[in-house]
Amino acid sequence: MGIVQIAIVILVLLLLVKPLGTYLYLVFRNEPGGTDKWFSWAERPIFALIGLKERRGMSWKGYALSFLLTNIILVGAGYAILRFQQVLPWNPNGIENMESTLSLNTMISFMTNTNLQHYSGESGLSYFSQMAVIMMMMFTSAATGLCVAIAFIRAVTTKGATVGNFFEDFVKAMTRVFIPAAFLIAMLLVALQVPQTLKPTMSVTTLSGSEQQIAVGPVAALESIKHLGTNGGGHMGANSAHPFENPSPLTNVIEILCMWSLGAALPYTFGLFAKSRKQGWIVFSVMMTLFIGFLSLNYAAESSGNPALNRLGIDSSQGSMEGKEVRFGIPQSSLFTTVTTAATTGSVNNMHDTLTPLGGITPLALMMLNSVFGGKGVGLMNMLMYAILAVFLAGLMVGRTPEFLGRKIEAKEMKLIAVVILVHPFIILAPTALALMTNAGQSGITNAGFHGISQVLYEYTSSAANNGSGFEGLADNTPFWNVTTGLVMLLGRYISMIALLAVGGSLSRKQRVPETPGTFRTDNGLFAGILIAVVLIIGALTFLPVLVLGPVAEHLTIR
Amino acid sequence: MMKHPVQKAFGRVSAQTEATRVPVGIAVRTSLVFIVLCGLLYPLVTTGAAQLLMPKQANGSLIEDRSGNVVGSELIGQSFPDPKYFHGRLSSIEYNGAGSGSNNYAPSNPEMLERTKAEIEAWKKNNPNVPVQELPIDLVTNSGSGLDPHITPKSAEVQIPRVSERTGIAEAELKRLVKEHTEGRDFGVFGEPRVNVLKLNLALQELLEH
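What you see is a predicted model; the values in this text were computed from it and never measured.

A. Local environment of the overall build of chain A. Scanning chain A from N- to C-terminus turns up 19 helices and four strands. In terms of overall dimensions, chain A is globule-like: its C-alpha atoms have a radius of gyration of 23 Å, near the 24 Å expected for 559 residues. Oriented by its inertia axes, the alpha-carbon framework of chain A measures out at about 80 × 55 × 45 Å. Buried positions account for 67% of the 559 residues belonging to chain A. Sequence separation of at least 24 residues holds for 78% of the intrachain contacts in chain A that already meet a minimum separation of 6. Each charge sign in chain A was given a centre, from 33 positive and 27 negative side chains, and these centres are 15 Å apart.

Here it is as structure tokens:
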């Protein structure tokens, strides 16, 4: 039954790719008609309020400046709210103001779509902060990511000096994608028992006669955008393992599809922009192949259980159940873990710190590659970057100028891509080494031995990939962790976004090279194979040594 | 303020295609509009609609005993220290729903190994008639949330001899009760079959009272 239920979810996803991808294309191709008739009534007043009279196209630099500026303003507003939440409205549980380095970390974390949480939702945030800061940023960071990806797609597929108008794209992403979808999914989740209330934490007398506190809150509204926007930060400390955030296997499937479908549809949208659906499907199939490989690793490892517990003579046929919920079992936990780290969501429905050592490689590896589906847009951008690299390598092998989608790939683009490829491992491995060498870093480790290395490595990998899940045993609410992970999240998000927009900007101004019989095709199985190899080889070259020190060594000690 | 560098970046592109105005004003207004729309209107409208249409679910699916007292939420597990009740999973937070989470033990953590061994010993003492080989792993491990309301049907079954002995209710009767409270997979395929411990114990309590 395990493999059957996983296969059904993947099948549903496959059925969603084409309609969703087409819808995104219609929304963002900016031609009259399309989806205007359903939404322009709502957008007219918004455009008037923000003062956007002319929607002229921007250069990649104008686009980048606009989204950076908007993000900076939102971070400022959010920081102010967190620092004063005690006196602001909707604070029925009397939550205190948030400490300054923690506020900074939280703001960077949510603006960068990471949602690494060094606080616990039930005790760290007022309902007002949950709504006006956390939910607001879940929308705005997701919309930012989607817009930048769309701009990048426009740049590599169309000719001209502009990549679109950021503010127009941003508003449309909200009104035509995120707000209506989030509302509908939230109502569906309430129907399936996810709470949505502003009442304070309840107190009941249990069947055994003791007192039980039960935290509630506006959970459903957050839960829907948390997954649609691949944000991942939970209302509750236990995130989607909490029965209020994720009450049943059915809500689990809904949450999985919410975080997965938009990211999976974007390659198809890309194919439509590139006027080659086949090209889109090739990118999609590369992602799906890698996905299924890593899913299998996690599923096999978790099903066979933790060897250390299996030896105790009990019935451990269920697999590794420490840190997992009975209603999900291994299949729904394993699928969730793989999707949440592929799609860079970072919500968890089981505790990743407690995954078996080999099972834990799956989330780590997917965040290290950071290109398998990916969050709102970023995954597709990274995969296209690997595609350009693959074309470049193939070009070198046969001694011809590499081309991608009819444009020459030259030194300028390759330099920018080299920066992106090198930054990601650097901001993971350098701070990991720093943390392991210093007292401030070591004091956060709560599981001794090789697993301690994995804990630290996971924290920075998750930050750099803007994922946000954690090996949550790590005692990470200290100035050292708040500041270092904050920096890693910032660099992980903005360097690659800006550099790849620059690549797009540079490509979009090039003259198209006519296609000849000698052109290296990028829409066939051969290219898919080369692309998979490039992603895996680069990933393995950079990260295999540290994986051997952490999870692999731990596996050998308990085998 | 930001004018100089911004204009410089915009200046390189021809004026025809590029907005030459610095977009600070638009960025500020966009931010404000969406703080209100996404941060206030969206959650408040959702709350209103949920409270109006589905108040039971929206308020945490509270559950009452026969006399109408609220005894908890059907989604949130409770601790049942008395051996006459069916037990749920381990909870590092003692089922205190003000928070949530687990110990986050690594698979190689010696404390987890010690805790599980101690649990197995306690099981042997309380359930002398059920061999350890039949003890399912979910009963001696901590759930992810610390609030897991469910156990597997097998985990309920192995507790029947103990509960029967402590309550005097026949094993066959308890088997029927467990079967009645076993929920299948969603749509017959998603998730795992499970037993809600609080609901099962509520039914047990009713049997005891009559």
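Next comes the rest of the description.
B. How the structure looks around a nonpolar patch on the surface. All names here are of chain A. A cluster of nonpolar side chains, contributed by Met-1, Val-4, Ile-8 and Val-12, occupies part of the molecular surface with about 300 Å² of accessible area. Examined against the element boundaries, Val-12 turns out to sit in helix α1 (residues 2-28). According to the relative accessible area criterion, Val-12 is partly exposed, its value standing at 31%.

C. Examining helix α7 (residues 166-191) of chain A more closely. Residues and elements named next belong to chain A. Under the 1.5 Å per step criterion, the end-to-end length of α7 is 36 Å for 26 residues, consistent within 8% with the ideal 38 Å. Along α7, the helix axis deviates most sharply at Met-174, where the bend reaches about 40°. Of all 26 residues making up α7, 19 are buried, and the element is well covered by its neighbours. Two to three positions downstream of the cap, the backbone nitrogen of Phe-167 sits 2.9 Å from a side-chain oxygen, assigning the N-cap of α7 to Asn-165. One or two residues past the end of α7 sits Gln-193, with phi positive at roughly 85°.

D. A look at the nonpolar core. Residue and element names in this part refer to chain A. By size, the foremost hydrophobic cluster in this structure holds 205 residues, and its most contacted members are Phe-178, Trp-260 and Phe-291. Broken down by element, this core gets its largest block of residues, 23 residues, from helix α6 (residues 127-157). If we ignore the near neighbours within four places in the chain, the residues touching Trp-260 are Val-9, Ile-10, Leu-13, Met-288, Phe-291, Val-339 and Phe-373. With 21 residues, the next largest nonpolar core counts Leu-364, Met-368, Val-456 and Leu-457 among its residues.

Calculation criteria
- Residues numbered from 1 in each chain as written.
- Chains lettered and ligands numbered in written order.
- Predicted model: local features only at pLDDT ≥ 70, side-chain atom pairs only at ≥ 80, totals over all residues.
- Heavy atoms only, no water.
- Helix = DSSP H or I, 4+ residues; strand = E, 2+ residues; numbered from the N terminus.
- Rg over C-alpha atoms; globule rule 2.2 N^0.38 Å.
- Buried < 20%, exposed > 50% of the residue type's maximum accessible area, 1.4 Å probe, protein only.
- Contact = heavy atoms within 4.5 Å.
- Lys, Arg positive; Asp, Glu negative; His and termini not counted.
- Charge placed at Lys NZ, Arg CZ, Asp CG, Glu CD.
- Patch = residues over 30% accessible without salt bridge, like charges linked within 9 Å, V, L, I, M, F, W, Y side chains within 5 Å.
- Areas by Shrake-Rupley, 256 points an atom, 1.4 Å probe, with all protein chains shown as cover.
- Salt bridge = Lys/Arg side-chain N within 4 Å of Asp/Glu carboxyl O.
- Expected span 1.5 Å × (residues − 1).
- Bend = angle between axes of the 7 residues up to and from the residue.
- Polar contact = N/O pair within 3.5 Å; in protein donor to acceptor, adjacent residues only side chain to side chain.
- Core = buried A, V, L, I, M, F, W, Y, C linked by side-chain atoms within 4.5 Å.

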